[in-house]
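Close look at the chain arrangement
Here is what each chain is made of, one letter per residue.
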Amino acid sequence: MSYDLVIIGGGPGGYNCAIRAGQLGLKTAIIESRGKLGGTCLNVGCIPSKALLHASEYYEAAAKTFPSMGVKIEGLSLDHAAFMKQKDDAVEGLTKGVEFLMKKNKVDYVKGFGRIAGKGRVEVESADGAKQTLETKNIVIATGSVVTDLPNVEIDEERIVSSTGALALKQVPKRLVVVGAGVIGLELGSVWRRVGAEVTVVEFLDRITPTVDGEISSAFQRILKKQGMKFELGHKVTGVENARNGLLVSIEPAKGGAARTLEADVVLVAIGRKPFTTNLGLETVGVRFDQRGFIETDHLKTSVDGIYAIGDCTHGPMLAHKAEEEGIAAAQLVAGQWAHVNYDVIPNVIYTKPEVAGVGKTEEELKAEGREYKVGKFQFVANSRARTNHETDGMVKVLEDAATKRVVGVHMVGAGVGEMIGEICVAMEFGAAAEDIARTCHAHPTMSEAIREAAKGVDGWVMQA
Ligand code: FAD
Ligand code: NAI
């Protein structure tokens, strides 16, 4: 078979690249080894985690918030099997949907493990060992990422789990120790805390969520603590031992000091992910990658003509929508069209309750760059919808470059901010000043009015507080 484009990896990077390539009339094939399209995101990432977050949020609200609003439920309990099934149903439906989209866009879906076997050739080995070779003018590498291991701790996906095992626990653990206060640790830690686990998060640094704006991150941690999550900041896990009544987790201060032991039924290792570029045959054509395994690119092009890399296997945030953006751009490049990814406007969301959302520079980054900036803030406690909904935790912070008068960053923690960040992305793509947002009519009563108020704050005219 001879193709215009062969994509290795069927995650959000690969499948969106395939759809766009199909739309642009390129003869395209996509190779995927896991037996299902959708990659980490649909199978063991974004989608199953959000399904459990959504259901557990309702469960906790039913237990703790409904009574204060006059809604009484007697005999509330968790049906674990149904809790898991609704997650599996979401995954099943969406992965099938992606397969349908491949057919719709005339993309050949080739099941098996892809390996570059020289210029313009990709060898595919299927699960039964059969091999075939695809000839192609262009290759997009979209092989994603895998879990980073913790030295001395062996993941068995039953009691010592990565995110994959934490999405499929057979019962609610009584005591869950999470290693790493990043996105996965806090999202999945929240899921299991809400349905009854006692959760302790051990984090190497002195703060949680290191890439989030510092003020938002501190506010977020206070909220999580209030919800009952415990933190051991500035600590590292040095080992996990099996004991009769569970697991013994050894921790010690990151800067040195006395070791302690935490008891757990399940340990979740969530200390980051690393690019997956093993056995890809990159050496057969000379594609360069760095010491950590990330494929080096310049505007998505690798060091070899006609070979591109997108998503988690290359540099940048490990996010599904970043992979998607790059997938679209790569297809356009192959088709000889305009292609651009604006890395300054890639939002990030942590889907806890309340959510955390941000886009652009954090205050710490602006300071480090020595840029002059203005800041406007607004607390949700002064927003009428937040008060009506009894969801007053959190705040909005708008950062504007003092010289260019452009919004360069917005950071929020609060109910539903993951949906609200889209407004900011559009504003930033259009080069908005804070004043543009401040003078845009926002519906009342909505949480988004807090964005408008924070934007007013940049020029010193907050009205509602
Ligand atoms: P992947 O999705 O990893 O897909 C790569 C695919 O390539 C895999 O299916 C793999 O099997 C296949 N593959 C690899 N090598 C080969 C080969 N040689 N031949 C054939 N196939 C191969 N991001 C968000 O934006 N929002 C979220 O809410 C979010 N939640 C997450 C929750 C969890 C628990 C995890 C683990 C991740 C989450 N992410 C989230 C991150 C997101 O899943 C990734 O950023 C995204 O999936 C990256 O897409 P990708 O296409 O680059 O790679
Ligand atoms: P992460 O990079 O978000 O967080 C890892 C945390 O572990 C950091 O705070 C780090 O300081 C800490 N850490 C590292 N080594 C440690 C050690 N030895 N002991 C204790 N703490 C240690 O990584 P995470 O949570 O595993 O997520 C991986 C990727 O998946 C992220 O890059 C994220 O972009 C993506 N993801 C995105 C989601 C979203 O967009 N909502 C949800 C889940 C994952």
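The rules behind the values
Residues numbered from 1 in each chain as written. Chains lettered and ligands numbered in written order. Predicted model: local features only at pLDDT ≥ 70, side-chain atom pairs only at ≥ 80, totals over all residues. Heavy atoms only, no water. Pairing = 2+ DSSP bridges. Helix = DSSP H or I, 4+ residues; strand = E, 2+ residues; numbered from the N terminus. Buried < 20%, exposed > 50% of the residue type's maximum accessible area, 1.4 Å probe, protein only. Contact = heavy atoms within 4.5 Å. Axes fitted to C-alpha atoms, helices over the stretch in contact; angles between N-to-C directions. Left-handed = near helix turned anticlockwise from the far one by under 90°. Nonpolar A, V, L, I, M, F, W, Y, C, P; charged D, E, K, R; others polar. Near = heavy atom within 4 Å. Polar contact = N/O pair within 3.5 Å; in protein donor to acceptor, adjacent residues only side chain to side chain. Areas by Shrake-Rupley, 256 points an atom, 1.4 Å probe, with all protein chains shown as cover. Domains from an automatic or database assignment.

Residues in a regular strand point their side chains to alternate faces of the sheet. Summarising the sheet, strand β12 (residues 235-243) and strand β13 (residues 246-253) pair through 8 bridges and their orientation is antiparallel. Within β13, the residue paired with Ala-243 across the bridge is Gly-246. Linkage of β12 to β13, two consecutive antiparallel strands, is achieved through a turn of 2 residues. Sheet topology note: the β13/strand β14 (residues 260-264) ladder contains 5 bridges and is antiparallel. Bridge assignment links Leu-247 to a residue of β14, and that residue is Ala-264. The turn linking β13 back onto β14 is made up of 6 residues, and Gly-256 within it adopts a positive phi angle of 100°.

Glancing now at the side chain of Asn-138. When you line up the elements, Asn-138 lands in strand β6 (residues 131-141). With relative accessibility at 14%, the residue Asn-138 sits in the buried group. Apart from the residues within four sequence positions on either side, Asn-138 is in contact with Asp-4, Leu-5, Val-6, Gly-306, Tyr-308 and Val-334.

The subject of this paragraph is the packing of helix α3 (residues 46-65) against helix α6 (residues 183-194). α6 packs onto α3 with a crossing angle of 40° between their chain directions and a minimal axis gap of 8 Å. Every pair of crossing elements has a handedness; the one defined by α3 and α6 is left-handed. Contact residues: α3 offers Ser-49, Lys-50, Leu-52, Leu-53, Ser-56, Glu-57, Tyr-59, Glu-60 and Lys-64, while α6 offers Glu-187, Leu-188, Ser-190, Val-191, Trp-192, Arg-193 and Arg-194. Partitioning the contact of α3 with α6 into residue classes produces 6 nonpolar, 3 polar and 7 charged.

Here we take up the site of ligand 2. Around ligand 2, a shell composed of 22 residues is seen, among which Ile-184, Glu-187, Glu-203, Gly-272 and Val-349 lie nearest. One of the backbone nitrogen or oxygen atoms of Gly-272 is found 2.9 Å away from an oxygen atom of ligand 2. Taking 840 Å² as the accessible area of ligand 2 by itself, protein coverage stands at 77%. Put simply, the parts of the chain that give the shell around ligand 2 at least two residues each are α6 and β10 (198-203). With 3 residues, the top contributor of residues to the shell around ligand 2 is α6. Classifying every residue of the shell around ligand 2 by side-chain character gives 15 nonpolar, 3 polar and 4 charged. Counting contributing residues per domain, the shell around ligand 2 is built from domain 1 (2-147 + 274-341) and domain 2 (160-271), each supplying no fewer than three.

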